[in-house]
Structure formats: C-alpha cells, structure tokens
Amino acid sequence: MIERIKSALERCGISRWRINERVEETAELFFVKQQLDTRRTKDVHKYEVTVFRDVEAGEGDKPGRGFTSVQLVSSMDETQLEDELRKAYYAAQFAANPYFEMPDPVKAPMVEKTGELAEAPLAQSAGKMARALFAADTLADALVNSAEVFVVRSTDRIVSSEGTDVAYTDAKVKGEFVVQCREPEDVEMFHEFEYDGLDEQALAAKVAEALTFVRDRARAQKTLKSGKYNLVLSGDQVAEVLSYYKERSAASMVYAKYSTWQQGEDVQGETDGERLNLKLAAAEPYSAEGIPMADLSLLEGGKLLTWHGPNRFCRYLGVKPTGYYEKVACGNGTLPFEELKKAPCLWAVAFSDFQMDHMSGHFGGEIRLAYLIEADGTVTPVTGGSVNGSILEAQRSLVFSQERYLTAAYDGPYAVRLKDVSVAGAGE
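Residues numbered from 1 in each chain as written. Predicted model: local features only at pLDDT ≥ 70, side-chain atom pairs only at ≥ 80, totals over all residues. Heavy atoms only, no water.

### Remarks on the side chain of R312
As for its position among the elements, R312 is in helix α8 (residues 311-317). Among buried Asp, Glu, Lys and Arg side chains, R312 stands out as unpaired, with E289 the closest opposite charge at 7.3 Å. Filtering out sequence-adjacent residues up to four positions away, R312 remains in contact with F67, N97 and F100. (Helix = DSSP H or I, 4+ residues; strand = E, 2+ residues; numbered from the N terminus. Buried < 20%, exposed > 50% of the residue type's maximum accessible area, 1.4 Å probe, protein only. Lys, Arg positive; Asp, Glu negative; His and termini not counted. Salt bridge = Lys/Arg side-chain N within 4 Å of Asp/Glu carboxyl O. Contact = heavy atoms within 4.5 Å.)

What follows is the structure, encoded as structure tokens:
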C-alpha cells in the first residue's frame, strides 16, 4: 500500500510528503461488576499522508510552507487515492506557515519492543490485568461496579520524501473502572489507567486506593472552611501540576511568545523547598515525523536546560528538533509520604475536574474528597469546595514524597506538598 501511495503522490506532482502507517491489534474486555459482559478484538490498518506545499506568501526570499493530512485506506482504488491527495494538496496552500526545513532523513532497522506485554497473546495479557483490577474488590461496603481493560499492540512505520524510513512496535494496556459505595450516600467515582507494561501491582494498588476513597467519600461531610491550606496532592494530580513545565518549555509556546522561558534560565526562582529535577521520557523511539527520540533532561535544580518539540517550531527557534514528548519523569522526593502529610494539611485526593492552566500557571478543581488533617492528628474526610492555586507561588516550597507513582505518562513522586494554597470551602 505504501508503494501505491508513493506512486499516486508522484502522479499528482506532490514532491514533499510523509506517510504514517499504523497497524493496531486490540483485545478488549468489558465487565459489569466482576462478570465479563463483552469480549472484543480489533485489527486496524490505517495510513495518514501529510502533503507539503510551498506558496509565495513567505517572508524574505523564502516561500511559505503549508501542509495538510489525509486518511487513506487500502480499499481505495487509484482514482480515489489521487482524488484524496489532490484535495489535500489544494488545501495545503491555505495553511501556509513561515518556511521551515524538513526533518533530517533517518533510515534504520525496525525497533521492536520486548517484554511480556509486547510478546504474549493479547487475550492473556488482558486477562492478567483484569484479575489484578479485581484483586482488591473484596470489601463489603464498596465495589467495582464496572470496568474496561484494553491491551493494544501496534506497529508504526514512517516514510518521507526526504528519505526517512523507520518503524517500531509498541504495546500498552489501558482502561477505566468505576467504584461505588451505596451507604450512607450512594457515590460513584470514575478512574482511568494506562501502563507501558503489565504492571499488575500498580493497577491493584490503584483500585484498592480507589475503593478506600469512594467509601470515605460516601461518609464525607461539607465542613471544609475557606482559607489557605498546606495542600497535599497525589497520583495523577501531581503529574498534571508538573505538566506545566513541559508545556511552558515547548518550542511552540516559546515561538508564539506565550512563554518567555529561555534556555539556561532559573524558571523556579527562589525556594525554601526542593529544587525541581525533571526529564522528558521517550515513550517511543521515533516521533510521528520520524525524529529519533531519547530521554531529555528538562529542568536541573530548577534551571531550564532545553526547548523541545516537533520539527517546525524547533527549526524556527534554531534548535535541534526533538519530537513531541508525552511522558514526564521527576527525580525529586525527600520525605516518606506519612511524614509529608503530617498535620496540619489538606490532602485532596479526588476532584470533579482537576486542571493545570499552562498559560497562567493556575491549577485547581472542585473537591470530591479530601482529608483534613489537623494539628492534633485528627483526620476528617470532607467534600465540596474547590482548590485554586498557582504553581508560580507554590513552586517556592515544593516537597515531594519518596514513594513513587508510575503510569504511561508519568514517572515520579506519588505526592507533593504545596504551601498556603487557596481553598474555597463548602462549610460556611
């Protein structure tokens, strides 16, 4: 099919292009409580073609360069292929950007992922993760009322007009589950998960924690008062807060002047807590553009080491293209979690929608469950109210847990304590 597409591109007079081929196999399990309701498999083979077109609307003596992508399938005949490619090429002239060089060509043998998730039968891996998911579902007053487990194995190939021809295999397990407690209040809480390997222990621990949280949520009271709190965040919320540094250092943000961060700049400022040490972890060996990817040091002691991003924006800034990273790794962590959340503090564990605003640095969300830990050690489950913090203020006094938390998009401390964060209560 790739040769057919290349021939169609030549017949259409399109000289600059990229073909992304993806073959994806999926085993899917759907549960109602612990009973398997549906079992499904998928086998998808798709092609995305990006065509580039130069126009005269550029700056100086260089043309503008536009590009458009189109999805193709192997069932299309030659006329259909040419028609789709011509329409994409026509549209590319209306999406002109300042001129940029194409990615450097790379040719290399297939990179194959190893390990049980990549090599074992998909159904076998899905069954293992399903058993891990329900391992902690033994409580009398809380349960997993539904769950979905997906095991995905894929092969990606990237071919370009400049001579790039690389390919790699990958495998992930992901899904979601809902936990429920009916007394004294009927409460449900939704959770998602995604791992690069068969991390049965991590999933079992996540479900066990979720069951504890939903049981406490059913008993939580709206007694939280407004004020400033030493806030403890854990799990996915830590990853969301740290995503600020990945996004603010992205070449696209810097080029558009949404971010003023410069390489070598101390972006954390004065602190009395931990200095940030962050890396961008390469989840795949190549980006979608065929750029070789490797782990990249981002912050060291709070100082920005590099910009990063896809080819176009890195070319604009005059730095080496790195590809787009999805995973952040944080090397911090000084205190055991139990010491980290000693009184007084508010440990917020569940939100209706926790978000980090990468433009302003504000983070927050409506609290579904938090634990108010007072000076005498009293722990009270509370609900209602909202968190409204700023990483620009909180980064001065960050303290991370020694315990770690691992997902497909994050590898770092399980928890972080932030000083004097504004909380709007629901108990007034």
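### Describing the pattern of salt bridges
With the rule as written, the count across this model stands at 28 salt bridges. Across the pair E28 and K42 runs a salt bridge whose closest N-O atoms are separated by 3.6 Å. Taken together, the residues span a long stretch of sequence, with E28 in strand β1 (residues 17-32) and K42 in strand β2 (residues 35-55) at a distance of 14 residues. By sharing partners, the salt bridges in this structure join R4, R11, E78, E82 and R86 into a single network.

### A few points about the environment of F213
Note that F213 resides in helix α5 (residues 200-219). C-alpha of F213 to C-alpha of V179: the two residues are 34 residues apart in sequence and 9.2 Å apart in space. Once you skip the residues sitting within four places of it in the chain, F213 turns out to touch M189, W347, V349, L369 and Y371.

### Some points on the environment of G377
With respect to the secondary-structure elements, G377 resides in the loop between β15 (362-373) and β16 (379-382). Residue class for G377 comes out partly exposed when judged on its relative accessible area of 45%. Along the backbone, G377 and T260 are 117 residues apart, and their C-alpha atoms lie at a distance of 43 Å.

### Side note on the side chain of N20
By the secondary structure assignment, N20 is in strand β1. For N20, a relative accessible area of 14% translates into the label buried. Contacts of N20, omitting those with residues within four sequence positions, involve K46, Y47, E48, R157, I158 and A288.

### Points about the packing of aromatic side chains
Scanning all chains against the criterion turns up 24 aromatic pairs. Between F52 and F67, the ring centres sit 5.6 Å apart and the planes meet at 40 degrees, which makes this aromatic pair tilted. Residue F52 is found in strand β2, and its partner F67 is found in strand β3 (residues 64-72); the two are separated by 15 residues along the sequence. F67 sits in the partly exposed class, given a relative accessible area of 30%. Seen in terms of ring centroids, F213 and W347 are 5.9 Å apart; in terms of plane orientation they differ by 80 degrees. Their pairing is edge-to-face. With F213 in helix α5 and W347 in strand β13 (residues 345-351), this pair connects stretches of sequence that are 134 residues apart. (Phe/Tyr/Trp six-rings, centres within 6.5 Å; stacked < 30°, edge-to-face > 60°.)

### A word on helix α1 (residues 2-11)
Listing the buried residues of α1 in full gives I2, I5, A8 and L9. Projected down its long axis, α1 carries its buried residues within an arc of 120 degrees, all on one side. Exposed positions of α1 whose direction lies more than 90 degrees from the buried face are E3 and E10. For α1, the secondary structure elements touched by its buried residues are β1, β2, β3, α2 (78-92) and β5 (143-160). (Arc of directions from axis to C-beta.)

### Digging into the sheet that holds β1
Strand order in the open sheet formed by 7 strands is β4-β3-β2-β1-β5-β6-β7, with antiparallel pairing between adjacent strands. Taken across any chain shown, the strands that pair with only one partner, and hence form the sheet edges, are β4 (96-97) and β7 (187-195). One ladder, built from 2 bridges, connects β3 with β4; its direction is antiparallel. What sits directly across from R65, in β4, is N97. Strands β2, β3 and β4 of the sheet are contacted by α2, whose axis makes an angle of about 150 degrees with β3. The strands touched by helix α4 (residues 122-134) within the sheet are β1, β5, β6 (165-181) and β7, with β5 carrying the most contacts at an inclination of about 145 degrees. (Pairing = 2+ DSSP bridges. Axes fitted to C-alpha atoms, helices over the stretch in contact; angles between N-to-C directions.)

### What about the sheet that holds strand β12 (residues 327-330)?
Pairing within the open sheet is mixed, and its 6 strands lie in the order β11-β10-β9-β12-β20-β19. Each end of this open sheet is capped by a strand with a single partner; those strands are β11 (303-304) and β19 (404-406). Of the pairings in the sheet, the one linking strand β9 (residues 278-281) to strand β10 (residues 296-300) comprises 3 bridges and is antiparallel in character. Bridge assignment links L280 to a residue of β10, and that residue is L296. Relative to the sheet, helix α6 (residues 236-248) contacts β9, β10, β12, β19 and β20 (410-413), its axis offset from that of β20 by approximately 105 degrees.

### Re the environment of L203
Residue placement: L203 occurs in helix α5. Exposure remark for L203: the relative accessible area of 0% places this residue in the buried category. Between the C-alpha atoms of L203 and M129, which are 74 residues apart in sequence, the distance is 7.6 Å. Setting aside chain neighbours within four positions, we find L203 in contact with M129, L133, F193 and Y195.

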